[in-house]
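Below are the chains, spelled out letter by letter.
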Amino acid sequence: MEPRQPSRDPLLSYNPLTLWPPKLSLPSHLTQLHPQHQRILLQQRSQTMSLAKKPWSLKPDTYANLMTRKEKDWVIKVQMVQLQSENPRLDDYYYQEYYQKLEKTQADKELLGHRNRAESLKLVTPHIQKAEGYESVVRIEGSLGQVAVSTCFSPRRAIDAVSHGTQEQDTGAASSQRLRVLSLIEKMFLQLLEIEEGQNDGFPQLYHSEEQRNQVEKLFQALKTQGQDNLEETADSLLQVLSVRKGKILVARLLPFLPHDQAVSLLLYITYHLPLLILRDMADQALHILFKPLGKYIHYLTFHQLLHGLQGLMLLPPGTSERPVSVVLQNQFGISLLYALLSHGEQLVSLDSSLQSSSDCAAWTDLVILVTWEISQLPTASLAEPLAFPRNLLPLFCHHMDKQLMQQLEARMELACIY
Amino acid sequence: MNYMPWTASLIEDIDKKHLVLLRDGRTLIGFLRSIDQFANLVLHQTIERIHVGKKYGNIPRGIFLVRGENVVLLGEIDLEKESDTALQQVSIEEILEQRVEQQTRLEAEKLKVQDLKDRGLSIPRADTHMTRQRLST
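An unreviewed UniProt entry lists chain B under the name U6 snRNA-associated Sm-like protein LSm1, with Myodes glareolus as the source organism. What UniProt states about chain B under its Subunit (unreviewed entry) heading is, verbatim, "Interacts with SLBP; interaction with SLBP occurs when histone mRNA is being rapidly degraded during the S phase. LSm subunits form a heteromer with a donut shape." For the record of chain B, the UniProt heading Sequence similarities (unreviewed entry) holds the text "Belongs to the snRNP Sm proteins family."

Next comes the structure, spelled out in structure tokens:
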């Protein structure tokens, strides 16, 4: 027969349901138990009472209390925290109802003169604030160093895995199209990575193997001919690719590998659709990565090409009532690209006197006037700071307007540069 | 701290002898030493008890850490009533032999029933066959 080993842990013999000294009668809220259950509980109670009278028969449990009080409290605390609720009548309806009834019957009984009822205990969850602030540097006891701690409550949002605050309503068709564009970008990016790996020592222009040229051509075709070939088409896939941050990165990294004419066509395309691209870049703010790679090809543009590209600025982009030049000037990439293009145009005009009398020149003059007027209209704070400020711009603008406007403009542009 | 009244918590079971039934069918008996919020259990001086018919055998296992999700049920063992059983304890070797025999018997039975079913005959079993009951008048 095995020796009795009831634990001598006072915690366990302490029954929170009674007051001290313990009576063998059950507290009121236990009287609602099933009679057999009641009998068993009473038996147990009397047993522990009788056992307590014979301390010498208890063999000490040497492994008792391996779990310390602190640890028990901690487990209870964790369990309690999970029970916390803002609206207990919703989350824990049955217990709340039961307890109310209990209290009511007790109150009634008290009115009838039956005092001495033990206060029935209610399950009270300690109010533990769940979202506690954390210390960013933690010292673990017994260690020599410190551990940096950081926490993030919505990690998917932090890594941009989930888009939030999208301006467009994602209907079924729109979201599936977006997915198509994203998967297209992924495929093209893989091709780009292959091309980049194939190059030697970061000199893409010099050591072009046959294979690499083929790959680049393939990729360019994939990029360009998803949609139409002409510049005016706005609904095509290239625009959508450029509306995605990764698409912009893709194009920026591809540009160094492209032959000049293809790079120039991309430059023109981006220039033509500049206002729309800026509007679509509001969330990502990633257009600036295109500036340097594109900038290298600006001087390849002919005057006519430049003009044609800049005429996109005349068109009102869909979905906004803001003037396109205004949109461009308020965006850093936009204003930088615009300045660079205008500078190039001015250079071409000043170098080639035949252009000054061509029909294109009138259009050019109109364009420059439009830009200067817009600059003077915008409050200085709205003007974005350009990434590069070409020297021949101010004289260009001065050439095309009156003195007063010129002074205003001068002041504005200098201030904008300081910003 | 007042432990939670009216809720089931394993805290009161600490340091008591328990019988634990696991999802894989094993029966463990040991002293519950520690728990956590997932009801993972630390069992001390654990034995695994194997039952075959009216016999059982205990295999001493030492300390167990049982992952909470694998527990079907557990209950406290009344130390006084523990030995009060009609079952007969045998040695480990014997119980393991008995278990192997039981498995083979069951498998043979299964095959037999399957064969009969294939032939269109079904032998009524005691637990499925309806028995007539004497009604008291």
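Q: Could you give an account of the overall build of chain B, with specific residues and numbers?
A: Helix and strand content of chain B: one helix and six strands. What you see in chain B, going N to C, is helices and strands ordered as β-β-β-β-β-β-α. Per-residue burial for chain B yields a buried fraction of 34% across its 137 residues. Contacts in chain B between residues far apart in sequence, at least 24 positions, make up 45% of those at least 6 positions apart. Here chain B displays about 9,600 Å² of accessible surface, and carbon together with sulfur accounts for 52% of that area.

Q: Any details on the overall build of chain A? Residues and values, ideally.
A: Tallying secondary structure elements over chain A gives 19 helices and two strands in all. Out of the 419 residues belonging to chain A, those deemed buried represent 36%. When contacts within chain A are restricted to residue pairs at least 6 apart in sequence, those whose partners lie at least 24 apart make up 74%. Carbon and sulfur atoms provide 54% of the accessible area of chain A, an area that totals close to 26,300 Å².

Q: Can you explain the packing of helix α8 (residues 210–224) of chain A against helix α10 (residues 245–254) of chain A? Please cite residues and give values.
A: All names here are of chain A. Here α8 crosses α10 at 145°, and the two axes come no closer than 12 Å. The hand of the α8/α10 crossing is left-handed. Facing α8, whose interface residues are Val216, Leu219 and Leu223, α10 presents Leu250, Val251 and Leu254. Taken together, the residues that form the contact of α8 with α10 break down as six nonpolar, no polar and no charged.

Q: For the confidence of the model for chain B, give the residues involved together with the corresponding values.
A: Low pLDDT marks stretches whose predicted atomic positions should not be read closely. Per-residue confidence for chain B gives a mean pLDDT of 88; residues scoring 70 or more make up 85%. With a pTM of 0.44, the predicted complex shows an ipTM of 0.79.

Q: Give me the packing of helix α14 (residues 303–310) of chain A against helix α17 (residues 359–377) of chain A: which residues, what numbers.
A: Residue and element names in this part refer to chain A. One way to put it is that α14 packs onto α17 with a least axis distance of 11 Å and a crossing angle of 45°. Classified by the angle their axes make, α14 and α17 are oblique. Crossing angle aside, the handedness with which α14 passes α17 is left-handed. Contact residues: Phe303, His304, Leu306, Leu307 and Leu310 in α14; Asp360, Cys361, Ala363, Trp364 and Leu367 in α17.

Q: Now, about the packing of aromatic side chains: what can you tell me, with residues and values included?
A: Residues and elements named next belong to chain A. The final tally for this structure, using the stated rule, is five aromatic pairs over all chains. On the basis of an interplanar angle of 75° and a centroid distance of 5.2 Å, the ring pair of Tyr93 and Tyr94 is categorised as edge-to-face. The class of Tyr94 is exposed, set by a relative accessible area of 68%. Seen from their ring centres, Tyr95 and Tyr99 are 6.1 Å apart, and the 25° between their planes marks the pair as stacked. Here Tyr95 pairs with Tyr99, and both are found in helix α5 (residues 93–111), just four residues apart, close to one helical turn. In this structure, Lys246 packs its charged tip against the face of Phe189, placed 4.7 Å from the ring centre.

Q: I'd like a rundown of the nonpolar core, residues and numbers included.
A: Residue and element names in this part refer to chain A. Formed by 76 residues in total, the largest nonpolar core has its most connected members in Leu342, Trp364 and Phe397. Element by element, the count of residues in this core is highest for helix α16 (residues 332–351), at nine residues. In contact with Leu342, not counting residues within four places along its chain, are Leu310, Trp364, Val368, Val371, Leu393, Leu396 and Phe397.

Q: Explain a nonpolar patch on the surface residue by residue, including any values.
A: The grouping of Leu19, Val72 and Leu73 of chain B at the surface amounts to a nonpolar patch, some 230 Å² of accessible area in total. Note on placement: Leu73 of chain B falls in strand β5 (residues 71–76).

Q: Run through the pattern of salt bridges, naming residues and quoting values.
A: For side chains bearing opposite charge, pairing can occur when the charged atoms are close. All names here are of chain A. Using the criterion set out here, one finds 12 salt bridges over all chains in the structure. For Lys248, the salt bridge is made with Asp281, and the minimal N-O distance between the two is 2.8 Å. Separated by 33 residues along the polypeptide, Lys248 in helix α10 and Asp281 in the loop between α12 (274–280) and α13 (291–295) bring together distant segments of the chain. Residue class for Lys248 comes out buried when judged on its relative accessible area of 0%. Glu374 is paired through a salt bridge with Arg323; the nearest N and O atoms lie 2.4 Å apart.

Q: Outline α10 of chain A, supporting the account with residue identities and numerical values.
A: Within the span of α10 of chain A, buried status applies to Gly247, Lys248, Leu250, Val251, Ala252 and Leu254 of chain A. Tucked inside the fold, the buried residues of α10 of chain A contact α7 (172–198), α8, α9 (237–243), α11 (260–272) and α13 of chain A.

Q: Quick one: what's the story with the sheet that holds strand β6 (residues 88–89) of chain B, residue by residue and with numbers?
A: Residues and elements named next belong to chain B. In spatial order, the strands read β5-β1-β2-β3-β4-β6; together these six strands make up an open sheet with mixed pairing. The open sheet terminates on both sides in strands that have one partner only, identified here as β5 and β6. Both strand β1 (residues 17–22) and β5 contribute to a ladder of five bridges, which runs antiparallel. From the neighbouring strand, His18 faces β5, where its bridge partner is Glu76. Against the sheet, helix α1 (residues 92–118) makes contact with β3 (41–52) and β4 (55–66), and its axis sits at roughly 100° relative to β4, the strand it touches most.

Q: Outline the confidence of the model for chain A, listing residues and values.
A: When pLDDT is averaged along chain A, the result is 75; 71% of the residues meet or exceed 70. Low confidence marks residues 26–31 of chain A, where pLDDT is under 50. Its contacts with residues over four positions away, or in another chain, come to 22 contacts.

Q: Outline helix α3 (residues 69–83) of chain A, listing residues and values.
A: The end-to-end C-alpha separation of α3 of chain A is 21 Å, in line with the 21 Å expected for 15 residues at 1.5 Å each. Those residues of α3 of chain A that fall on the buried side of the exposure criterion are Lys72, Val75, Ile76, Val78, Gln79, Met80 and Val81 of chain A.

Rules behind the numbers
Residues numbered from 1 in each chain as written. Chains lettered and ligands numbered in written order. Predicted model: local features only at pLDDT ≥ 70, side-chain atom pairs only at ≥ 80, totals over all residues. Heavy atoms only, no water. UniProt positions renumbered as here; feature names shortened; annotations may be inferred. Helix = DSSP H or I, 4+ residues; strand = E, 2+ residues; numbered from the N terminus. Buried < 20%, exposed > 50% of the residue type's maximum accessible area, 1.4 Å probe, protein only. Contact = heavy atoms within 4.5 Å. Areas by Shrake-Rupley, 256 points an atom, 1.4 Å probe, with all protein chains shown as cover. Axes fitted to C-alpha atoms, helices over the stretch in contact; angles between N-to-C directions. Left-handed = near helix turned anticlockwise from the far one by under 90°. Nonpolar A, V, L, I, M, F, W, Y, C, P; charged D, E, K, R; others polar. pLDDT = per-residue confidence, 0-100. Parallel < 35°, antiparallel > 145°, perpendicular 65-115°, else oblique. Phe/Tyr/Trp six-rings, centres within 6.5 Å; stacked < 30°, edge-to-face > 60°. Lys NZ or Arg CZ within 6 Å of the ring centre and 35° of its normal. Core = buried A, V, L, I, M, F, W, Y, C linked by side-chain atoms within 4.5 Å. Patch = residues over 30% accessible without salt bridge, like charges linked within 9 Å, V, L, I, M, F, W, Y side chains within 5 Å. Salt bridge = Lys/Arg side-chain N within 4 Å of Asp/Glu carboxyl O. Pairing = 2+ DSSP bridges. Expected span 1.5 Å × (residues − 1).

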